[in-house]
Amino acid sequence: MLDDILDYAEHLRERPVWQPIPDAVRAQFRQTLPAGPSELSAVHQQFMDHILPYSVGNSHPGFMGWVQGGGNPVGTLAEMLAAGLNANLGGRDHIPIEVEKQVTRWVSALFDFPDTASGLFVTGTSMANFIAVLVARARALGTQVRQTGLAACTSRLVAYTSAGAHGCIAQAMDMAGLGMDALRIIPMNAQFEMDTALLQAAIQADRAKGLTPFFIVGTAGSVDVGAIDDLDTLADIAAQEQLWFHIDGAFGALAMLSPALAPRLNGIQRADSIAFDFHKWLQVPYDAGFILVRDSTAHYDTFATPASYLRRETKGLAAGSPWPCDFGPDLSRGFRALKTWFTIQVYGADQLGRMIAHTCEVAQYLKQAVLANPKLELMAPVALNIVCFRYRCNAPDVPDVVNANIVVALHESGISAPSTNTVNKQLVIRAAIVNHRTRTEDIDALIAATLRFGDQFSSTDQHAASKQDDKSHE
Ligand SMILES: *Cc1c(COP(=O)(O)O)cnc(C)c1O
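Here the structure is a predicted model, which means the values were calculated and not measured.

Undergrad: Now, about the nonpolar core: what can you tell me, with residues and values included?
TA: For soluble globular proteins, the rule of thumb is that nonpolar side chains tend to be buried together. Ranked by internal contacts, the top residues of the largest apolar core, which has 104 residues, are Phe-111 and Phe-278. For this core, the leading source of residues is helix H6 (residues 125-141), giving nine residues. Core analysis: the second largest hydrophobic core is formed by 27 residues, Leu-376, Cys-393, Ala-409 and Ala-431 among them.

Undergrad: Any chance you could break down the site of the ligand for me, citing the residues and the numbers?
TA: Taken together, 13 residues are adjacent to the ligand, and Thr-125, Ser-126, Asp-248, Asp-277 and Lys-280 come closest. Between the ligand and Asp-248 there is a distance of 2.6 Å, counted from a nitrogen atom to a side-chain nitrogen or oxygen. Between the ligand and the protein, one listed contact pairs an oxygen atom with a side-chain N or O atom of Asp-277 at 2.6 Å. In isolation the ligand has 380 Å² of accessible area, and contact with the protein removes 86% of it. Looking at side-chain class alone, the shell around the ligand contains four nonpolar, six polar and three charged residues.

Undergrad: Please provide a residue-by-residue account of the pattern of salt bridges, values included.
TA: Per the counting criterion, the structure on display carries 18 salt bridges. Note that Arg-13 is salt-bridged to Asp-442, the shortest N-O span being 3.0 Å. Of the two residues, Arg-13 is situated in the loop between helix H1 (2-10) and helix H2 (23-27) and Asp-442 in helix H15 (residues 440-459); the sequence distance between them amounts to 429 residues. The residue Lys-339 makes a salt bridge to Glu-79 at a minimum N-O spacing of 3.3 Å.

Undergrad: Run through the sheet that holds strand S5 (residues 244-248), naming residues and quoting values.
TA: Read from one edge to the other, the open sheet built from seven strands follows the order S1-S7-S6-S5-S4-S2-S3, with strand pairing classed as mixed. Of all the strands in the sheet, the pair left with one neighbour each is strand S1 (118-122) and strand S3 (183-186). The sheet shows a mean angle of 20° between the axes of neighbouring strands, direction not considered. Taken together, the five bridges between strand S6 (residues 273-277) and strand S7 (residues 289-293) define a ladder with antiparallel strand orientation. Within the sheet, the bridge partner assigned to Phe-276 lies in S7 and is Phe-290. Its contacts with the sheet put helix H5 (residues 95-110) on S1, S6 and S7, and the angle it makes with S1 is roughly 115°.

Undergrad: Would you mind going over the packing of aromatic side chains in detail, with residue names and values included?
TA: This model, assessed by the stated rule, comprises 12 aromatic pairs. Between Phe-214 and Phe-215, the aromatic rings sit 5.3 Å apart at their centres with planes inclined by 20°, giving stacked as the arrangement. Of the two residues, Phe-214 and Phe-215, both sit in the buried class. Aromatic pair Phe-278 and Phe-290: ring centres 5.6 Å apart, planes at 70°, arrangement edge-to-face. Note that Phe-278 is positioned in the loop between S6 and S7 and Phe-290 in strand S7, a separation of 12 residues in sequence. For the pair shown, Phe-278 and Phe-290 are each scored as buried. Pairwise contacts between aromatic rings join Phe-111, Phe-121, Phe-276, Phe-278 and Phe-290 into one cluster. Across the ring face of Phe-113, the terminal group of Arg-294 is positioned such that the distance to the ring centre comes to 4.3 Å.

Conventions and cut-offs
- Residues numbered from 1 in each chain as written.
- Predicted model: local features only at pLDDT ≥ 70, side-chain atom pairs only at ≥ 80, totals over all residues.
- Heavy atoms only, no water.
- Core = buried A, V, L, I, M, F, W, Y, C linked by side-chain atoms within 4.5 Å.
- Buried < 20%, exposed > 50% of the residue type's maximum accessible area, 1.4 Å probe, protein only.
- Helix = DSSP H or I, 4+ residues; strand = E, 2+ residues; numbered from the N terminus.
- Near = heavy atom within 4 Å.
- Polar contact = N/O pair within 3.5 Å; in protein donor to acceptor, adjacent residues only side chain to side chain.
- Areas by Shrake-Rupley, 256 points an atom, 1.4 Å probe, with all protein chains shown as cover.
- Nonpolar A, V, L, I, M, F, W, Y, C, P; charged D, E, K, R; others polar.
- Salt bridge = Lys/Arg side-chain N within 4 Å of Asp/Glu carboxyl O.
- Pairing = 2+ DSSP bridges.
- Axes fitted to C-alpha atoms, helices over the stretch in contact; angles between N-to-C directions.
- Contact = heavy atoms within 4.5 Å.
- Phe/Tyr/Trp six-rings, centres within 6.5 Å; stacked < 30°, edge-to-face > 60°.
- Lys NZ or Arg CZ within 6 Å of the ring centre and 35° of its normal.

Keep in mind these values describe shape, not function.
Listed below in structure tokens is the structure:
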């Protein structure tokens, strides 16, 4: 099994990025509960035949869709060790928890946070952002809100983020009981960064209405175009208004590892909390999200809940309080820290920073290729590693359809897997270069195939192009 999965990583380039799942393969996963045993080798063969070839493809160099990391073989091996140890990192006194604390101290230093900052591995940035909203909520309303609930509060909390923020921020407001309407969506400037003058105006308007502003979310690396908000100005405003300053740095925060990119994140050091993922730009296998909180007491006070069956001692296995379960909603937790600790040590922070900078160089190469070709159009500035472009069509309402069909055709061809997005109300092809394996030759293949499909879909019959079931590329 180990040989097979390492071979897979080694020979990824020879496979399609993704391929449609045949009905017969999907049917393999509609079986009844197996009452009896099977040979391990037989189940492994099922994996090789029916799972491995039809996986999402994000490890493949041609994968540029959404924002997904490519994984790495060191992380694969570390996951095997973690599974074998089977450590539960909810709490208690054992070294796996020290590994998690080690990673916390490394990232605290990276972001210039104090060593007393608290950190926690979570599934992803969606969960990390949710935790930040809860900590800020308890800070604003007092920890008795945990007991009495929002219904007992007279203050109406409001939060602020940019129109380019990830949807999980609004979802976090909902899950925290504050409601999505309590999140003010501040428009962006031409660079797709939050308009800070409009932010200040919105805060004043809410105060005038008797509402209670409590939380500003800056984005370091927006999911749409990779834009970075003016974090230093956001930190000034948060300080002036005494609001919690949180940063969603899902992929972008780890640009701090690159000396060339780090200055662009200036102001991140002043955040109260940062949410980010090791599974995106750091290439740690899924999942490995993280929340870092400057004030560990505020973090602890938001989640710690006494329970007699979780009694703490000063000696023995039940020592080591506070435990990770005091900093988030999960009690049982796996050893996500191990694959991260291995990845950081084996490659080293400098090389990981260079790898991150390299993906931005590949994105610049794509940007130049788009600008150099009159059939293609660049649709947003390229701040980091995300390039939004499209194939030009003359007829006014077809470009959205043609470009959506180009992306489907790219996926089905197995050549390249960008995704689509809507920028300034127009559908664009969005290539996020996150994977360390992606090279300029993969960009050349993307461009060549985009032009080929674009010419095909726009030339002959525009109606044919508008049919989602176009079969010409199969
Ligand atoms: C990916 C992403 C998220 C969500 O992170 P998950 O790890 O998928 O939960 C949030 N914000 C931004 C900017 C992202 O790119």
